[in-house]
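# Breakdown of the fold
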Amino acid sequence: MTTNQGLKISEDEHSLKAGERGPTLMEDFHFREKMTHFDHERIPERIVHARGNGAHGYFEVYESMKEYTKAKFLQDPDVKTPVFVRFSTVAGSKGSADTVRDARGFATKFYTEEGNYDLVGNNIPVFFIQDAIKFPDLVHSFKPEPHNEMPQASTAHDTFWDFVANNQETAHMVMWTMSDRGIPRSYRMMEGFGVHTFRFVNDQGKARFVKFHWKPVLGVHSLVLDEALTIAGKDPDYHRRDLWESIEMGNYPEYELGVQMIDEEDEFKFDFDILDATKIWPEEDVPVKIIGKMTLNRNQDNVFAESEQVAFHPGHVVPGIDFSNDPLLQGRLFSYTDTQLIRLGGPNFHEIPINRPVCPFHNHQNDGYHRMTINTGQVSYHKNSLLNNDPRPASEEEGGYVHYQEKIEGRKVRARSESFEDHFSQAKLFWNSMTESEKEHIIGAFRFELGKVKSKDVQQQVVDMFNHVDAGLAAEIAKGIGVDIPVENVESSCMKSSPALSQENTVKSPKTRKVAVLLEDGFSYVDAKSAMEKLENAGIVPEVISSALGIKTSEDGKEIEVDKTFLTADSVLYDAVYVPGGKQSAEKLKASFDSIAFVAHAYNHFKAIGAGNEGIQVLREANINEIPMDIEGKVYFEKGLVATQNVNDLTAFSQEFIQAITAHRHWSRAV
Ligand code: HDE
């Protein structure tokens, strides 16, 4: 151990004192250095997206995208481009819970040989507002209210909904945040979207409009609201833990990159403006071309050095990727560098290891706070003769970035195009695309959020606003929060739906799902062990939960180690529950409030539940009575409940159970 000057430290537990019981001396440089450094450990948290965590990985393109873009990292399937991804919530502080209802940030830094490219996206493909000048207002409205700093990490309060009702361009994104997308099951199971319209430019100079999509290989899955709220207390780190543990276990998160492209000539062919960030390009109209895959395979070494200090910026582009005139994007292009200057303390944040390009970089920018590199020599300006004009700009052929020469004509006005005026058609499109259970969740979310709003007037304004989306939705919200059901018929006439928007149509996979196996002494070893092995073979992760840590012994004297207890675990932290047989074990579980609550909550949260032999009685004790008494020698499978009685071979049971887990949730279950 040394001081920061490299001096070896002989002692690190006692400050230097005048006598053993005397005052500390000013000359104690070691104490002063240690304490001063500690006093300065914090930097300002991000104004939005403060709560986040990341991982390293790589990106590979499936086939050359030369026809569409000259971006080097999209040319060669043999090239692995290193990436760092930071996932985040938007509203909460750095220490807030992961599972709050919110959009999630999904920011990717590609360390390409042509410089860093940042795709700074969200898990929702649209945004609340259309023009960046409104961003400070939006953020002020959803942050804790200034007079009492409440509530934390939540939009369920008056100012946010007042903003919504008075800025109705928010309608579409509000539908998304009130949907299941607002409470993802895992960072590994959510989509990412670049949101804005960007441009691809190929080496012939031909440009196309492009939108970026990340599609998780495990599909898009969510929690239910009650579960998300409980997890916020039981494990506020739920999403970062899930990401960390998956990578540690070798279950590397994977996302395919997709692009939607529109030819420049087709810019005006749509019934929405493609520059409007409150609009999607429905996938059925503009297909998503899958072009590559990102794999996250390495956890960070130090969260501060990496997640906290990483500086993303939508303006970090490479040749072949350019901007559009989306007024939200244009404003972002200013804001991100500006925020890093205060957050990271000066203009040299590109020298922080996580932000450093992997290719060489040199220019005449010098000095400033925290300069790391030592610029040598006499010359720090361009053009010069003393250094033979070095470094000099590169031509386009040499890889120099040349902005796409879009022809612009117009008058300077503070205005918005009329083509940005329709706020409700796509909100309705989203609603039309939901299944019945997804619609119920949206209604429930509105009732929860607006139920916490104190102003009756704001509540009524919001209901009246969403009457423009769907009269049935507005009426259901109104009933739940005790305001008037609107009578005016102003519902959007949009009849379209987009199956790609419903999570019911997503990829379903059992891989990496967590199953709690509840048992006590006297459990059936065959039930527990052989089912667990089969689950593991399907990529599922079972954990044994019991009343105490240590070893549990089966009815035939075999041992199993307990992973967690009813005190340290909870059903909300698992995707499914399994109760193996064994008379003594089942009796003890039946007599315990904790184990009964565990099973009952899993049932109420629509999760797969498996039970073998006496384990079925534990389900009955939890008031789960669907499983008939006479399943002797058979496997029962209905609404995510899978049970078996006196069957020697658990293959069929395990297969059904795995299928039930794969389904994610069983909405047909009446709760
Ligand atoms: Fe951001 N946003 N944003 N944003 N944003 C920030 O930059 C901003 C927007 C997004 O993990 C800030 O470094 C403006 C849309 C992510 O480090 C700040 C506008 C989308 C992250 C900022 C938007 C995003 C940020 C705060 C309206 C999805 C976290 C700290 C024009 C496409 C990145 C920081 C990370 C962070 C400004 C809207 C995504 C203040 C002005 C739309 C994922 O610069």
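Residues numbered from 1 in each chain as written. Predicted model: local features only at pLDDT ≥ 70, side-chain atom pairs only at ≥ 80, totals over all residues. Heavy atoms only, no water.

- Going by the annotation in an unreviewed UniProt entry, the name recorded for the protein is Catalase, with Cytobacillus horneckiae given as the source organism.
- Listed under Function (unreviewed entry) in UniProt, the entry text for the protein is "Decomposes hydrogen peroxide into water and oxygen; serves to protect cells from the toxic effects of hydrogen peroxide." (UniProt positions renumbered as here; feature names shortened; annotations may be inferred.)

## Looking at the site of the ligand
- Near the ligand lie 23 residues; those nearest to it are Arg46, Arg86, Arg332, Tyr336 and Gln340.
- Contact distances for the ligand include 3.2 Å between an oxygen atom and a side-chain N or O atom of Ser335.
- Its atoms largely coinciding with the cavity grid, the ligand occupies the second largest pocket.
- Of all the secondary-structure elements, those providing two or more residues to the shell around the ligand are β3 (104-112), β4 (115-122) and α8 (327-343). (Near = heavy atom within 4 Å. Polar contact = N/O pair within 3.5 Å; in protein donor to acceptor, adjacent residues only side chain to side chain. 1 Å grid on protein atoms, 1.4 Å probe; cavity = no way out; pocket = protein on both sides within 12 Å on 5 of 7 lines; lining within 4 Å. Sits in = over half its atoms within 2 Å of the grid points. Helix = DSSP H or I, 4+ residues; strand = E, 2+ residues; numbered from the N terminus.)

## Topic: the packing of aromatic side chains
- Under the definition given, this model contains 31 aromatic pairs.
- Ring geometry for Phe73 versus Phe110: centroids 4.9 Å apart, planes at 45°, classification tilted. Here Phe110 lies in strand β3 and Phe73 lies in the loop between β1 (52-61) and β2 (81-89), a separation of 37 residues in the sequence.
- Since its relative accessible area comes to 0%, Phe110 is described here as buried.
- Here a set of aromatic residues connected by ring pairs shows up, and it is made of Phe59, Phe73, Phe87, Phe106, Phe110, Tyr117, Tyr187, Phe198, Phe200, Phe212, Trp214 and Tyr255.
- One residue, Lys80, lies across the ring of Tyr58, its end atom 4.3 Å from the ring centre.
- Taking NZ or CZ as reference, Lys514 lies 5.3 Å from the ring centre of Tyr574, over its face. (Phe/Tyr/Trp six-rings, centres within 6.5 Å; stacked < 30°, edge-to-face > 60°. Buried < 20%, exposed > 50% of the residue type's maximum accessible area, 1.4 Å probe, protein only. Lys NZ or Arg CZ within 6 Å of the ring centre and 35° of its normal.)

## Some details on the pattern of salt bridges
- By the definition in use, this model includes 44 salt bridges.
- Close ionic contact of Arg208 with Asp263 constitutes a salt bridge, the shortest N to O distance being 3.3 Å. With a gap of 55 residues between them, Arg208 in strand β7 (residues 207-216) and Asp263 in strand β8 (residues 254-263) connect regions that are remote in the sequence.
- Across the salt bridge formed by Lys428 and Asp470, the nearest N and O atoms sit 3.9 Å from each other. You can see Lys428 sitting in helix α9 (residues 425-432) and its partner Asp470 sitting in the loop between α11 (456-466) and α12 (471-481), a full 42 residues away along the chain. (Salt bridge = Lys/Arg side-chain N within 4 Å of Asp/Glu carboxyl O.)

## Side note on unusual backbone geometry
- In this structure, the amide linkage connecting Met150 to the following residue, Pro151, adopts the cis form with an omega of -10°.
- On the secondary structure map, Pro151 appears in the loop between α2 (135-142) and α3 (158-166).
- Residue Thr512 is not a glycine yet carries a positive backbone phi of 70°.
- Mapped onto the secondary structure, Thr512 falls in the loop between α12 and β11 (514-518).

## Things to note about the packing of helix α10 (residues 436-451) against α12
- Two numbers describe how α10 lies on α12: the axes approach to 9 Å, and their chain directions differ by 45°. Considering the angle they form, α10 stands oblique to α12. Note on packing geometry: the crossing formed by α10 with α12 is right-handed. Seen from α10, the contacting residues are Ile442, Ile443, Phe446, Arg447, Leu450 and Gly451; seen from α12, they are Leu473, Glu476, Ile477, Lys479, Gly480 and Ile481.
- A breakdown of the residues in the contact of α10 with α12 according to their chemical character gives 7 nonpolar, 2 polar and 3 charged. (Axes fitted to C-alpha atoms, helices over the stretch in contact; angles between N-to-C directions. Parallel < 35°, antiparallel > 145°, perpendicular 65-115°, else oblique. Left-handed = near helix turned anticlockwise from the far one by under 90°. Contact = heavy atoms within 4.5 Å. Nonpolar A, V, L, I, M, F, W, Y, C, P; charged D, E, K, R; others polar.)

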